[in-house]
Every structure is written in structure tokens, then in C-alpha cells.
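Listed below are the residues making up each chain.
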Amino acid sequence: MTKNKITAVLGPTNTGKTHLAIETMLSFDSGMIGFPLRLLAREVYDKVIKQTGIDKVALITGEEKIIPPNAKYFLCTVESMPIDKQIDFVGVDEIQMCSDHERGHIFTDRLLNIRGNKLTMFMGSNTIRNIISNLGDDVEFINRNRLSKLTYSGHKKISRIDRKTAIIAFSAEEVYAIAELIRRQKGGAAIVMGSLSPKTRNAQVELYQSGDVDFLVATDAIGMGINMDINNVYFSNLKKFDGRKLRKLNLSEIGQIAGRAGRYLNDGNFGITGECKEINAEEVNLIESHKFEEIQSLFWRNSDLNFDSPGALLRSLEKKPKNSWLRKIYECEDEKALKFFLREKNLENIKFEKEKLSLLWECCQIPDFVKKTYGNHYQVIESVFKYLNSVKSRIPEDFMRLQLMKLDKLDGNVDSLSNRIANVRTWSYVSNKNNWVENQNYWIEKTKLLEDKLSDRLHEELTKTFIDKRASVLARGLKQDMEFETKILENNEVMIDNQFIGKINGLKLELDLKKGALETDIKSLKKAARQSVGPELLKRIENIIETGLIELKDDFKIYWQKSPIAKLSSGRDYLTPNFELIVDDILEHNQTQKLINYLEKWLKNKIDTTLKSLIDLKDLKEKNSSIKALAYQLYENNGVLERNKVSDYLKNLGQNERKILRDLGVKFGRYHVFLFKLIKPEAVSLRTLLWKNYYQKYFNLQPPTFGLNFLDNNKIKNRNFMLLCGFEKFDTIYVRIDILERLFVQIINSNPEKQKEIKLVPEMLNLLGCNKDNFKKLLKNMNYKIIEKEKDIFFRYIPRKNIKKSNNKTIKESPFGILKNLNLG
């Protein structure tokens, strides 16, 4: 008997074993390779059709079958390999999975029973070498050595892990948690899990390979044939659930995954992160040198099953292997399901002859892609079996339509989308089984389209959830010292490499900080901004200085183009305020000094110009003590004095002295001595603003609306502030002091005959802008008696009693005294 020709290509991860198998297969007229994952079968299929043409290549997995009529090459998952085909070349990848606790028996069956007519090739780890030697076939061993060095780098915090790194976790929950941490600290990560559909997985891998993200979070699926530009692999855990229990990874499994670091001649590193237990020195040495313990036994299950009766089927499944290096695998999920349905009361009336028992077994092998909902999977198996066991022996279209309608939704988070895809995969598997579904081709296409649609949506959600595109772009650019492409839009929004980072308000960049932004996010944003936005801010400073288009507003801030660039603060007196720049800390002190110098001059000039008469009083160089004394009092009282409070100063002023002060803008009124130019709107606004800024209070006080001469408001409490605004108080009434002086003149001019009673004329009301009742109220507060005669109103002055100074002399300089002297009382 001629022995079968077997080639065993063995070696560490990343040594080109799969590539060799593909090249060898294509050298034959026909061939087939079995892969451990659907996404690997799909990846190789996509490569091979580019070399040979789509008509010559078939893809066979549980959920996807593309089989051209003249197909020569078959790329399959190990479970889906058509074992009865006569083919020149047969290969099985990752053959060391014969020792896997969940699927080992499938790989072992292919190792023992599937052969190519001309060549059979097994690719995998050196750990299975001795077992393959026991096959008794004509075996040629090809050793593939790693060309690059693999080095242990110890423990590192995730925040300190370098780019081009894969972090390994062993559950979806761990993967998501780590990806979220990386998003916050590094800008984001792509995700690779065996449960992802090929479309989602490829889209995620492309994110990583294109450089959009520098980190990958993956399950141990990464250890099987996924080749990417990874420099470092870090384990977050060294334990995994193998379907039965939580167990520690063996060194071979650690080496398989760690070996993904480094490609071809590029060295790689592996290490641990988070709370992962340390790998001891002896284990590190074995992993670095790729020396792992030989596999002593393989998992096996009898594939020659007896369907004569339920009992016979169960006994054939329980059959034990003859070889010492084979051991029966633990009860698998399909076997558990079979036992459940054989004792299930819903099926007790069914007589399980050979054909029906075979059908039930086939239904029990429907994969449980969802896994989280145990009972639901059994419901699927039961429904499928009952339809296939019915008269029509097909699953009706209405049932399929109902199942997919429940899943055809694009809303939800990563978990809900993943769950929907897993359910769709179940119905995709069912649709791809020959003669199980009515209108089979339609439902194959329908489930494929729905899976693709949900996969695209899952990729979007994974990207949105676990990748901060902006932070990723900035972090990568800063680390690689790249020059950013910066655009400042017309609305002042700042785009760096097409990522919105904030808005320039005046001379300050307001960063677009998302909720929960970490210090690292802020630092990377600022660093990128310093490189890109700094020159724009300097350009704006030059523009401010050249054009001078700035203004001081009521909120004590100096504005340029509707944005604040400085804010006043209290200085040594209210006419010499200090200010602080409102500029970004991107700008250095030496870059802002020019602006500080300019604003100091601008502010001084504004105050000197608008309040010139007050500044002139302050700077008055006069030897006459009476002039100096009155000028000082006026300056200290913001340019307004009640005449009766400075009567002594006025007595000592002759006409010449008064002329000097009049030339400076001082008006000697009957009730006030004041700087009349300070009553103008611009001067009042500036004075009140500077006054509030100096005292750092009274911020709620606002000057009366310009144009008002008369106010009756019992809510106004601060008399000093109103005097600063140019208004004198009479109980609840306020009258503008220059208008009050004009009223006195009008009263005098309206009584040339010097009658005791003065008639109220409309011109008086018009001057104040008030009605008769308000005018009468004002007169009473000014000690006038109101006399009404027929339709006319008259008033006369009633001298105030006890208006005395401390020396008991009557004050004659009051306006009321003046009016009395004019014989009006």
C-alpha cells in the first residue's frame, strides 16, 4: 500500500507557513485549505481570486458559500471542508488546534482522515511534530524559523505603551473596557475578535493598518494568521475560558499570540499590562526561543456515527479512541443539544429512524453564535428540526422573513449590534445548508446583505465608541513630528488635519473639550495648537496694533472683532486702571509684550481724551491755594460737587481765579460746581465704568438711559453713583444737574418782575421731561409751596430753617438762599 505524501510545515507565528501553503496549492490543478476562522478563509479567498480569477475559487464556511461550477480551489473553515472531494492538494492551517478543548476533535479528524490525492500539508506549531510522526504516512517536515527576534519587555501601563501595539484580552467585555481606556488616553483603538464578521473585522484592521489608530485590542483570534504591522503585543490577562472552565494559557498559546509582534526582519516585543500576572524568567526564555512543550495527546471524537437508533448514536459518540495519543473530547455543545432533544417531551412522539435521527444530529450542529442566550439556541434547533421534519421538509419563507425582520434594525450600541449579527449568522448558516430553506438562494443573499449592513453599522459604532479620531490624529502627528495642515475658517473654527479642535475667540483658542476629557487630551490639543495656531495669534496682534480697531465695553473688557482681548482690574486710582490680557497660553510673554505696551497707551489716551477736563484738573499746576483746593475737591469727587459743601472755597475765589477754572471746563452752577463735559454720554459711561472697576463692586448699578433728564424711582439707593452719572437726588426724584441749572435760569427768567409767586409754564415741564404731578413733587422736595389758582399752578419758595453750619451761620450759598436774595420768597 502506497503511503500518503504529507508535508508538515512547522514553526513559530509569522514565519510564512500559510503563504507557502497557498503558493503550493496554486501549483496543483486543484486544492483545498481549511482554516480555523471564517475571517481567515475569507481573507485568503480575497487574495487568491486576484491571482487566479473568481471563477476558479470557492469559499465554503458555515455562513457563506461561494461555489462556482468550475471551481478548482476551495478555501474553507475546518468544519466546512467537503471531506468527500477528490482533490490534488489538501492543507489544514493551525493544525496544533487538535489539542483545543472545544474544537480539537474536528482538527484531529482532518489530521487523521482527510488527504489530498497528491499532497497533504499541515501547517502549525512545532509542538505537534511528534504526533504527526506517528501517523505512519510519508511525512516531510519543513521547519520555518522566525527571521526576527522576539523580546520580553515586562510590564507597562497602558498610558506608557508605544504605538503599533496590540493588547490582548479574552472576553468582549475586557476588549471593550481596554479600548475605552485607550480611546481616552491614546485617541482610540481598532478591535479584532473572532466573533466579528469578516466585513467588520476587515474595516477595523484597515483603520489600524492605515494609521488612523496606532493601537489594536484583540482576543486570541489575532494569534491565527492575521498579519499586521504590529511591533508590540501586551497581555492584559493570561487566563481564558475554554468552554468548560477558566484556565491559564499554556506557553505555546502565549507564544502563538506574542509571535504576532514583529514581521519578517522587524523585531517584536511582548509584555504584560494592567493586573496581568508576571511571566517568570524561565517561561520568558522559552517563549523568546520558541521552545514549547510537545503536545502529548489530541482531542478526538468518533466521526463514524451509528444512526440506527438514538441509543446507538449516543453509544457511537461515546466511543473511545484506540491510540494512546488520542483522548475523547469532553461533551461538546452539539452532543449536549442532542441529548436534550432525545429526552425532550416535545419530540417524544417522533419515531427516530435513521434518516430523522441524522437530521436531528445535523440540526444540533447549528453553531451557537450568540452564546449568551442558552435557551434561545435550543429554540432555534427545535424550530428548524420541526420544519425540516414536516411534510414540506423545508423552513418556510414566512418564518425566515419573521426572524430577519426582528434583526433588521440599525439602532443600538456595540453589544446590541453584535448580538444581532450573531443571530443573523445563525440564519445565514441555516440558509446555506442544502435544501433546508424555501427559495434558498434568495435567503442566502438576504442574510448576506443583512449581515453586511449590520457589519457596516457595527464598524461605525465601534469607531464612534472607541476611536477619538481627533485625538488619534493629533497624537500620531505629534509623536511622528509631522507638520499639521491647519485651516482657520471664516467663523474662526480651527481645523487641524480636518479635525475640529476649537475656535479662536480674539486671541484665545477655546479648545473643543469633550465631556470627561483627560489631561492627556488637553495636552495633545494644546501641543498641536501651539504648532499651528500660534502664528495666527501673532498675526492678529499685529493687526490690532496696526488698525487700533478695539473698544472698551461695560463688562470691563477690551474687545477686538467682538471678542475680548483684555480685562480691566483695579489700579492705583480709578483713572489709572490695570488690565490683564485675555490671550492663549500658546503665546509666550515676549510675544505679548508688544500688545501690552500698545494697550497701555491706547487706554491712557482714551481716558485722557474722553475725560480731558478731569485729567487737566489733576495735572493742574497752579500756585493759588484756593484754585488748587477746589480743583483737588472736584477731582476727588469725580468732577461733581454740591455747591453748599464748598462754599468756603468759593468765597475765596475771585473772578480771575474762577476764569482759570472755567477755562478748564468748570461750571459754577447755583446748586453744583461741576465739569460740564463729564455729563456727556461717553464721559458718563467711561467714568462709571472706571469707578466700578476701581472699587470692584456696584456692578449691578447702571447709568440712566441717555436722553433722560428726570427720574422718579424709589429703587435707586446709591446717591453717589447717581451724582457720578450727573443726577441730583430729591427724595425719590433724580434730576440731571445741568438741567437743574437751566431750570433755575428758567425760573429767574420767567419772573422779571420779581413776584413772590412764580407761574408754572409748559417750558419748565418740557425742559425736565416730566408731567405736572412729578414737577409738583419735585418743587415740594425743593421747599416750594404749591398754589393752584383756577387752571394755573404757582409756586413760591419757603426758606428752610436750621440750615446751618457748625458755626451756626446760615448757608447763603445754597440755591435756595440765592433765590431768596432774588426776592422770590
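On a predicted model such as this, the values are computed, not experimentally measured, just so you know.

Colleague: Quick question: what am I supposed to make of the pairing of strand E34 (residues 784-789) here?
Modeller: Two faces belong to every sheet, and in a regular strand the side chains alternate between them. Pairing of E34 with strand E35 (residues 792-797) involves six bridges; the strand directions are antiparallel. Bridge pairing links Ile787 to Phe794 in E35. The antiparallel pairing of E34 with E35 creates a hairpin that spans two residues between the two strands, and Glu790 there sits at a positive phi of about 55 degrees.

Colleague: How do you make sense of the packing of aromatic side chains when you look at a structure like this?
Modeller: Centre distance and the angle of the planes are the two values used to describe a pair of aromatic rings. The tally for this structure, following the rule as stated, stands at 20 aromatic pairs. Note on Phe340 and Phe341: the rings are 5.1 Å apart at their centroids and 85 degrees apart in plane angle, and the pair reads as edge-to-face. Take Phe340: its relative accessible area is 24%, and that puts it in the partly exposed class. Here the aromatic rings of Phe341 and Tyr378 are separated by 5.6 Å at their centres, their planes lie at 50 degrees, and the arrangement is tilted. Of this pair, Phe341 sits in helix H10 (residues 333-342) while Tyr378 sits in helix H12 (residues 374-388), placing them 37 residues apart in sequence. Accessibility assignment for this pair places Phe341 and Tyr378 in one class, buried. The structure contains a cluster of three or more aromatic residues connected by ring pairs, namely Trp691, Tyr694, Tyr695, Tyr698 and Phe721. Above the face of the Tyr208 ring, Lys164 is positioned so that its terminal group lies 4.8 Å from the ring centre. Lys433 extends its terminal NZ or CZ atom over the ring of Trp436, reaching a point 5.5 Å from the ring centre.

Colleague: Help me understand the state of the cysteines in this model?
Modeller: Throughout this description, disulfide means a covalent bond between two cysteine sulfur atoms. With the rule as written, the count across this model stands at zero disulfides. We note that Cys363 lacks a disulfide partner, and the nearest cysteine sulfur, in Cys364, lies 7.0 Å from it. Of the cysteine sulfurs around Cys725, a residue in no disulfide, the closest is that of Cys770, at 20 Å. With a relative accessible area of 3%, Cys725 lands in the buried category.

Colleague: Even after reading the chapter, I still don't get the packing of helix H19 (residues 589-610) against helix H24 (residues 681-695), so can you show me in this structure?
Modeller: The packing of two helices is summarised by the inter-axis angle and the distance between the axes. In contact at an axis separation of 10 Å, H19 and H24 are set at 125 degrees when each is read in the N-to-C sense. Regarding the angle of H19 to H24, the classification is oblique. You can see that H19 and H24 cross each other, and the crossing is left-handed. Across the interface between the two elements, Lys606, Ile607 and Thr610 of H19 pack against Glu682, Ala683, Leu686 and Leu690 of H24. Within the contact of H19 with H24, the residues separate by chemical class into four nonpolar, one polar and two charged.

Colleague: When you look at the pattern of salt bridges in this model, what are you seeing that I'm missing?
Modeller: Note on pairing: side chains with opposite charge can pair once their charged atoms come close. All chains considered together, the criterion is met by 49 salt bridges. The shortest N-O distance in the salt bridge between Lys199 and Asp456 comes to 3.2 Å. Of this pair, Lys199 sits in helix H6 (residues 198-209) while Asp456 sits in helix H15 (residues 440-466); the two residues are 257 residues apart in sequence, bridging distant segments of the chain. What makes Lys199 partly exposed here is its relative accessible area of 37%. According to the relative accessible area criterion, Asp456 is partly exposed, its value standing at 34%. Of the charged contacts, one joins Lys464 and Glu461 as a salt bridge, the two residues approaching to 3.5 Å between their closest N and O atoms. With Lys464 and Glu461 both in helix H15 and three residues apart, the pair spans about one turn of that helix. Since its relative accessible area comes to 60%, Lys464 is described here as exposed. Taken together, the shared-partner salt bridges connect Arg38, Arg42, Asp46, Glu63, Glu64, Arg425 and Glu451 into one network.

Colleague: When you look at the environment of Glu622 in this model, what are you seeing that I'm missing?
Modeller: Mapped onto the secondary structure, Glu622 falls in the loop between helix H20 (612-618) and helix H21 (625-636). A relative accessible area of 23% means that Glu622 is categorised as partly exposed. With 188 residues separating them in the primary sequence, Glu622 and Asn434 have C-alpha atoms 114 Å apart. If we ignore the near neighbours within four places in the chain, the residues touching Glu622 are Ile627, Lys628 and Ile660.

Colleague: Please explain the sheet that holds strand E3 (residues 57-60) as it appears in this structure.
Modeller: By definition, the strands of a sheet pair up through backbone hydrogen bonds, in either a parallel or an antiparallel sense. Taking strand neighbours across the sheet as the criterion, the eight strands line up as E4-E3-E5-E2-E6-E7-E1-E8 in an open arrangement whose pairing is mixed. Each edge of the open sheet carries a strand with a single partner, namely strand E4 (65-66) and strand E8 (138-143). In terms of strand pairing, strand E1 (residues 5-10) meets E8 through six bridges, oriented parallel. Across the sheet, the residue bridging to Thr7 is Glu140, located in E8.

Colleague: What should I look at first to understand the pairing of strand E21 (residues 499-505) in this one?
Modeller: As paired strands, strand E20 (residues 493-496) and E21 are joined by four bridges and run antiparallel to one another. When the sheet's bridge partners are listed, Glu493 is paired in E21 with Lys503. Taking the residues between adjacent antiparallel strands as the criterion, E20 and E21 are bridged by two residues, where Asp497 takes a positive phi near 50 degrees. With four bridges joining them, E21 and strand E22 (residues 508-511) adopt antiparallel strand pairing.

What counts, and where the lines are drawn
Residues numbered from 1 in each chain as written. Predicted model: local features only at pLDDT ≥ 70, side-chain atom pairs only at ≥ 80, totals over all residues. Heavy atoms only, no water. Pairing = 2+ DSSP bridges. Helix = DSSP H or I, 4+ residues; strand = E, 2+ residues; numbered from the N terminus. Phe/Tyr/Trp six-rings, centres within 6.5 Å; stacked < 30°, edge-to-face > 60°. Buried < 20%, exposed > 50% of the residue type's maximum accessible area, 1.4 Å probe, protein only. Lys NZ or Arg CZ within 6 Å of the ring centre and 35° of its normal. Disulfide = S-S within 2.5 Å. Axes fitted to C-alpha atoms, helices over the stretch in contact; angles between N-to-C directions. Parallel < 35°, antiparallel > 145°, perpendicular 65-115°, else oblique. Left-handed = near helix turned anticlockwise from the far one by under 90°. Contact = heavy atoms within 4.5 Å. Nonpolar A, V, L, I, M, F, W, Y, C, P; charged D, E, K, R; others polar. Salt bridge = Lys/Arg side-chain N within 4 Å of Asp/Glu carboxyl O.

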